[in-house]
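Chain by chain, the residues:
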Amino acid sequence: MGWVGRSPTRSEDRALVDGLARFAGDVEPIGGALHAAIVRSPVARGRLVALHPGGVESDTRGKDRGAALVTAADIDFTRPVPNILTDRVSMPLLAIDRVSYVGEPLAVALADTRDAAMDLACSIEPEIETGPACAGLDFAVLGPPIHDVLDSNVVHERTFRYTPDAAPGDADQLSIAHDAVMPRSTALPLERVDITADFDPGSGRYTVWANYGGPMALHAVMASCLGVAPADLRLHISERIGGNFGIKQAMYPMIALVAAAARVVGRPVRWRETRAESLTAASAASERRTIVTGGFGRDGKLHSLAVEQTENLGAYVRTPEPAGLYRMHGAITGPYDVQDLVVANRAVLTNQVPSGLNRGFGAPQLFLSLESMIDRAARELELDRAEIRRRNVVGAFPHRCPGGAELDSGDYVAVIDRACELIGWSSFDRATSGTRRRGIGLACSVETSGNNLGYMNLAADPDSPAARVPRSGAGAVAAIAIDPVGSVTVHLDAPDCGQGYRTIAAQVAADELGVDPEAIRVETALDTASDGWLLTSGNYANRFSTAVASAVAEASRKAAEKLRHVAAARLGTTPDLIDLVEGQAIDRTSGASTPVLRLGGQLHWDLAQRPTALDGPIRESAYYAPGHLRSPEAGALQTSFTYSFQCDAAIVQVDPATGELAIESYVSVHDAGTVLHPASFVGQVHGGLAHGLGAALGEEIAYDEDGRPSATSLHSYAPLRATRMPPVVVDHLESPSPHTVHGAKGIGDGCAVLAPAVLASAIGDALELARNPTPPFTPARVWELAVGLGSDR
Amino acid sequence: MIAAPFEYVRPDSVDDAVALLAEHGNRARLLAGGQSLVPELIARSTEASVLVDIGSLPWASPSIRGATLTIEAGTTQADAAGQGCRILDAALPWVGHAQTRNRGTVVGSLAQRDPLAEIPLAFVLAGGHVRVVGPEGTRAIDASRFVSGAEVVRDDELIIESVWNLGGSQCGVAFDEVAGVGTVAAAAAIVDWSTMTAALAVSGATTGPIRVDAPDGDPDRLITALEAETATVEFIADATSPSLHRRAVALHLAERVVALAQQRAEEGAQ
Amino acid sequence: MKRVGPHEASPVHLVLDGTPVVLEASSRQSLAEAIRSVKPTAVHLGCEEGACGSCTVMVDGPTVRSCTVLAVQCESAAVTTAAGLGDRAEDLRLALMEHFAFQCGFCASGFVVVAAEFLGGLEGEIPDEAAIREAIAGCVCRCTGYASIVAAIRTVAAERAGETG
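Just so it is clear, the model here is predicted, and its values are computed rather than measured.

Procedures and definitions
- Residues numbered from 1 in each chain as written.
- Chains lettered and ligands numbered in written order.
- Predicted model: local features only at pLDDT ≥ 70, side-chain atom pairs only at ≥ 80, totals over all residues.
- Helix = DSSP H or I, 4+ residues; strand = E, 2+ residues; numbered from the N terminus.
- Rg over C-alpha atoms; globule rule 2.2 N^0.38 Å.
- Buried ≥ 20, exposed ≤ 12 C-beta atoms within 10 Å, placed from the backbone.
- Contact = placed C-beta atoms within 7 Å.
- Nonpolar A, V, L, I, M, F, W, Y, C, P; charged D, E, K, R; others polar.
- Pairing = 2+ DSSP bridges.
- Axes fitted to C-alpha atoms, helices over the stretch in contact; angles between N-to-C directions.
- Core = buried A, V, L, I, M, F, W, Y, C linked by C-beta atoms within 7 Å.
- pLDDT = per-residue confidence, 0-100.
- Arc of directions from axis to C-beta.
- Parallel < 35°, antiparallel > 145°, perpendicular 65-115°, else oblique.
- Left-handed = near helix turned anticlockwise from the far one by under 90°.
- Expected span 1.5 Å × (residues − 1).

A. How the structure looks around the overall build of chain C. Each helix and strand counted, chain C has 5 helices and 6 strands in total. Along chain C, helices (α) and strands (β) appear in the sequence β-β-β-α-β-β-β-α-α-α-α when read from the amino end. The C-alpha radius of gyration of chain C comes to 17 Å, within 12% of the 15 Å expected for a compact globule of 165 residues. Over its C-alpha atoms, taken along the principal directions, chain C stretches across nearly 50 × 30 × 20 Å. Taking all 165 residues of chain C together, 64% fall into the buried category.

B. Summary view of the overall build of chain A. Looking only at helices and strands, chain A has 17 helices and 29 strands in total. What you see for chain A is a C-alpha radius of gyration of 27 Å, in line with the 28 Å of a compact globule of 793 residues. For chain A, the spread of C-alpha atoms along the three principal axes comes to 80 × 75 × 55 Å. Counting across all 793 residues of chain A, residues that qualify as buried make up 62%.

C. Up close: unusual backbone geometry. Cis peptide bonds are those with omega within 30 degrees of zero, and the linkage from Gly214 of chain A to Pro215 of chain A qualifies with 5°. As for its position among the elements, Pro215 of chain A is in the loop between strand 10 (205-210) and helix 4 (217-226). Backbone torsion omega between Glu321 of chain A and Pro322 of chain A reads 15°, so that peptide bond is classified as cis. Its location among the elements puts Pro322 of chain A in the loop between strand 14 (302-312) and helix 7 (323-326). The backbone of Glu768 of chain A sits at a positive phi, close to 50°, despite the residue not being glycine. Phi is positive for Met196 of chain B, close to 55°, though the residue is something other than glycine. Structurally, the position occupied by Met196 of chain B is in the loop between strand 10 (183-192) and strand 11 (197-202). On the basis of neighbour counts, which here come to 13 C-beta atoms within 10 Å, the residue Met196 of chain B falls in the partly exposed class.

D. A look at the interface of chain A and chain C. Taken together, the contact pairs 47 residues of chain A with 43 residues of chain C. Of all the secondary-structure elements, those providing two or more residues to the side of chain A that touches chain C are helix 1 (13-17) and helix 15 (678-697) of chain A. Here the side of chain A that touches chain C takes 7 residues from helix 15 of chain A, the largest share from any one element. Taken together, the residues of the side of chain A that touches chain C break down into 18 nonpolar, 16 polar and 13 charged.

E. Expanded view of the sheet that holds strand 12 (residues 269-272) of chain A. All names here are of chain A. The mixed open sheet is built from 8 strands, whose spatial order is 3-5-1-12-9-10-11-22. On the outer flanks of this sheet lie strand 3 (68-71) and strand 22 (526-527), each paired with one strand and no other. Bridge analysis of strand 1 (residues 34-40) against strand 5 (residues 105-111) gives 6 bridges, and the strand direction is antiparallel. Residue Arg40 lies in a different strand from strand 5, and its bridge partner there is Pro105.

F. Local environment of the interface of chain A and chain B. Listed per partner, the contact involves 23 residues of chain A and 19 residues of chain B. Secondary structure elements with two or more residues in the side of chain A that touches chain B: helix 2 (114-123) and helix 17 (779-787) of chain A. Per element, the largest residue contribution to the side of chain A that touches chain B is 5 residues, and it comes from helix 2 of chain A. Of the residues that constitute the side of chain A that touches chain B, the class distribution is 9 nonpolar, 9 polar and 5 charged.

G. Highlighting the pairing of strand 13 (residues 287-296) of chain A. Residues and elements named next belong to chain A. Taken across its 10 residues, strand 13 has 8 buried, putting it largely inside the fold. Across 9 bridges, the pairing between strand 8 (residues 174-182) and strand 13 is antiparallel. Along strand 13, the bridge assignment pairs Ala177 with Thr293. Examined bridge by bridge, strand 13 and strand 14 share 10 bridges and lie antiparallel to one another. Of the residues in strand 14, the one forming a bridge with Thr293 is Ala306. The turn linking strand 13 back onto strand 14 is made up of 5 residues, and Gly300 within it adopts a positive phi angle of 85°.

H. Expanded view of the sheet that holds strand 24 (residues 584-587) of chain A. All names here are of chain A. The strand order 23-24-25 describes an open sheet built from 3 strands, whose pairing is antiparallel. Edge positions in the sheet fall to strand 23 (578-581) and strand 25 (593-595), since each of these pairs with one other strand and no more. Along the sheet, successive strands turn relative to each other by an average axial angle of 25°, direction set aside. Of the pairings in the sheet, the one linking strand 24 to strand 25 comprises 3 bridges and is antiparallel in character. Paired with Ile586 across the strands is Ser593, a residue of strand 25. Packing against the sheet, helix 14 (residues 596-605) makes contact with strand 23, strand 24 and strand 25, and its axis sits at approximately 65° to strand 25.

I. Quick peek at the environment of Gly120 of chain C. Looking at the element boundaries, Gly120 of chain C is found in helix 3 (residues 108-120). Once the C-alpha coordinates of Gly120 of chain C and Ile132 of chain C are considered, the two residues, 12 residues apart in sequence, prove to be 13 Å apart.

J. Up close: the nonpolar core. Core analysis: the largest hydrophobic core is formed by 432 residues, its most contacted members being Ala36, Ile255 and Val258 of chain A together with Ala188 and Ala189 of chain B. Counting residues per element, this core draws most heavily on helix 13 (residues 544-571) of chain A, at 13 residues.

K. Structural context of the confidence of the model for chain A. Mean pLDDT over chain A works out to 95, with 97% of the residues at or above the 70 mark. Confidence over residues 58-62 of chain A falls short of pLDDT 50; this stretch has 5 contacts with residues more than four positions distant or in other chains.

L. Just helix 14 of chain A, in detail. Looking only at helix 14 of chain A, the buried set comprises Val596, Leu597, Leu599, Gly600 and Leu603 of chain A. Projection of helix 14 of chain A onto a plane perpendicular to its axis shows the buried side chains occupying an angular sector of 155°, all on one side.

M. Focus on the environment of Val233 of chain B. All names here are of chain B. Mapped onto the elements, Val233 comes out in the loop between helix 9 (222-230) and helix 10 (243-269). Along the chain, Val233 and Thr206 lie 27 residues apart, while their C-alpha atoms are 7.8 Å from each other. In contact with Val233, other than residues within four places in its own chain, are Ala205, Thr207 and Ile210.

N. Structural context of the packing of helix 8 (residues 363-381) of chain A against helix 9 (residues 385-392) of chain A. Residues and elements named next belong to chain A. The contact between helix 8 and helix 9 brings their axes to 9 Å, and the two run at 110°. Judged by the angle between their axes, helix 8 and helix 9 are roughly perpendicular. As helix 8 packs across helix 9, the resulting crossing turns out to be right-handed. Facing helix 8, whose interface residues are Ile374, Asp375, Ala377 and Ala378, helix 9 presents Arg385, Ile388 and Arg389. Of the residues that constitute the contact of helix 8 with helix 9, the class distribution is 4 nonpolar, no polar and 3 charged.

O. The packing of helix 8 of chain A against helix 16 (residues 750-766) of chain A, seen in detail. Residues and elements named next belong to chain A. Running from N to C, helix 8 and helix 16 point in directions that differ by 30°, and their axes come no closer than 8 Å. Classified by the angle between their axes, helix 8 and helix 16 sit roughly parallel to one another. In this structure, the crossing between helix 8 and helix 16 has a hand that is right-handed. Between helix 8 and helix 16, the residues in contact are Ala363, Pro364, Phe367, Leu368, Glu371, Ser372 and Asp375 and Ala752, Val753, Leu754, Pro756, Ala757, Ala760, Ser761 and Gly764, respectively.

P. View of helix 5 (residues 252-265) of chain A. Residue and element names in this part refer to chain A. Across its 14 residues, helix 5 extends 20 Å between first and last C-alpha, which sits within 8% of the 20 Å expected from 1.5 Å per residue. Of all 14 residues in helix 5, 12 are buried, a share of seventy percent or more. Two residues or fewer past helix 5, Gly266 is found with a positive phi of approximately 70°.

Q. Expanded view of the confidence of the model for chain C. A residue-level look at chain C finds 99% of positions with pLDDT of 70 or above and a mean pLDDT of 97. Here the prediction assigns the complex a pTM of 0.97, and the interface score ipTM is 0.98.

Next comes the structure, spelled out in structure tokens:
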């Protein structure tokens, strides 16, 4: 039995439990750095008149020689962040003349210490002629534009129609619509952004150290903001990143800003984000209205689907947005077998922080509405909610979805059945001893893994040049080397943000080389100047278990092939007769053996052993980019490498008198193909669930009518704690994907995506509502639902 | 964020502390555990140019004197637990987390007078007083007058102790709370068969905790009394809850705690 | 009477993880920053505002959040971090690893200290799951959903109870 599929202890963990784990903030990458604090807009919209210096008490020791304020005028060599939707409004690194959201950077305050930089930043008094803010999605569509140069806040509008050749007769159809607005929430990794930048005037080159997790496509965007070639922006990504969940993507304009500040002052600059900044000024999952309309036959069969989405992008289109609208595009029909599809997408600007990646990016919004619509259809048709799903999920694979996804493998009905069995669906009894109301709910989804950059072609104006460049990027690259003493190092193009990449990549390589994983060192730190990486590299979109693990296997196979050749020469046989097992290269015929890694080391010392004259010691790299991803054609996009399937179910109790919500039990059943490291798989499910439940239960980034965010600290944005997690049962089935080396698919997003829909289903059932409610399910909100107060937004 | 600069002073005695308050007036803030004050300073939502640290003065441990428990200003919430005041014990698990209770003080929480905080709610229900020291010497402020704000601690005074009534031997207590992002409302009740008294208090009102006593000591009449008392009172509306919800929760929790306190009193009497 | 001016630094004597140290702390410097100036990995700062618990340490015994304690308040204190628990916590560390308790582990320094305190106070009893969850509620983890951390603590409690009982 190989190492893949087992759960060895993680090599990441010893330093963690010993209090010795180094994160970006624990090291000083370059000496002599000034500390930065960002002066930010206190209002959501207005004309920036001036920045007035206030009185700041100087350090009595007179040490603060570095105090400086870098303003927009000082960084006029930078360019705003380009985006694919409009060139009329772009996000500047520092606000110029106008402010458009609370927290927008106005200037960079610099000083010798972080304390002094903060004092300086806090002493600056921005003079802003405040204007009316647009802080809501609905108002954005109809109201006046937030940027004067625009005619409308609607910056994107596209409709896609996919109609099958023979549409079913519609005489017997029942049309069911569900309209829901998913509120904003945020990822909240515990480690905050930490950026150090240096500029070398001699070479014109920037060097940056940051806990940036990708996507690396944005490296070129940062370079473009700084007006240099990508090769002149050397980025060092830290070995450990303290959580990401997507939001660390949003630091890239700040990387450019800190780098620009370093150039202005002629010294390295370090910026550490505050928690208030991470909550208000970094990014958030988009607010989205999704209206899903299904056409059903009386038998409960779904014949047509229409999805109308309006995305609140915040004050600017910050690339890669509007990716959130398109991440699921090819698979927007979810797990359901329906060919008649219309998708109408719209993106609007509001006076809120620009939206961006958040665990499950773009999918929670879709499945909340899609699954609520299915529940409603079941009620109208008097069908069991599990049964209507069984009747409509895809049954034969591969299955071509109208949006372009090819669902690769699975047994969806078996997963639904298993979830129902574990939660006790058919024996559920709503009776309680007191006045509490009990309900049960479920929801299903498909989970993508590894994005196809071709989404950009769908988002771009069809007449624009951007739409005509073919795009299908999605792969990974990995490298493996054996050094002169026989030590193995694997390089990943994915920074580790906690998922255990070092451990799992070592298992993958160990299987190919026939050695113990402990013999393999895995590097997750990335230096853009010396390591291999791709546009699609990074820690995002579930790409590890599919693309990255496959690339590691392919690179390791190249190394193994070379080792077999050298071993064959040593043992006097042919490479095809060599097995690599338990650290030995063994001649299958004679049984003679030699330690495999020593062979790799010896290649450095004696090149005569190399397989061909063109070869050298073992330093192999491999790409993994399966051919089934193509640039979109006729609006159809193969969105992702693979598609996992999931069915979650929950039982809840609601106290109608107070709105208290207790989750009695939660079941999550997945089919994510082959499982690489079962313990990490379960950890991803639990962790994703904590995110999904957090967003469902009240982790909301809300804004008042003046565009002021309500959550400014962890005292006003309450992250889910251990006492709030329900008992969870996790199970999985394995339908290997044909598109990855191991048959693995993605798992990291599933519960973060589905939990809000599951709770909506269960609460709707408990309170016997006609339609599933919309999160956040705070006590106040649940009470309003229970007593029939308030509108269901 | 990082706190704005301030001067830190650690006096050697209560008298020194009083003198410092007299010297600096409202620019000074008292620091004991700092679990409310320090986060506010870090967020720069509170300003202070002088912090007077009274945390390491030689405070006495909690002590029972007759039918009361005395908790001095240096006693942490963790150290106040299990000292004999049952309603305080019932409230403490709802206060912050273990780490803030290990550092935050009972008196410090009282001094904050947060209308949604648990310790003032328990205090108004238990009854007792705080003792304050100022330039003119010491004085006592009754628990209900202190918590309601009818009688305030001045900028040049500090609370040196809180004295909590313990209740009788056949006393049942209960505390319950509903929280979202912040506290929605809490309720606490005491039913005391030994003195034939019963009282109930709820938080959530803009005016702070509201206490009612059972007419004729009949716990079954507490809810009606509370309804009458709160009929014209406004409840807090904030990002956690609208006013209507807070009122509903407070009144419902009141029913829960009265029932539970009665049950516990009966169990205690058996 | 001790006074530290708004822009002054003052020596603070600590016994940090068993080693006497003298730190120069400004009046507003947190204990967390003071610790990090000599042992940067021993505590991590997730919020710097007294909410996430990643910076939890023991000060003269009980656990506190070191970001909301001023360094100058800790004169002569014994401060213990996750890096200073020594051999007595090795069973806890191994259990945390065996249960895959952490993912990114930025929070680990806080959880290890809180779990050590909780387990140390059990006196041979095996806590139920609710008690464990309550004990760790002061620390936020964004990766794991807490189940793995709870399982590890329960395992250590059971093992220790078995040994003592």
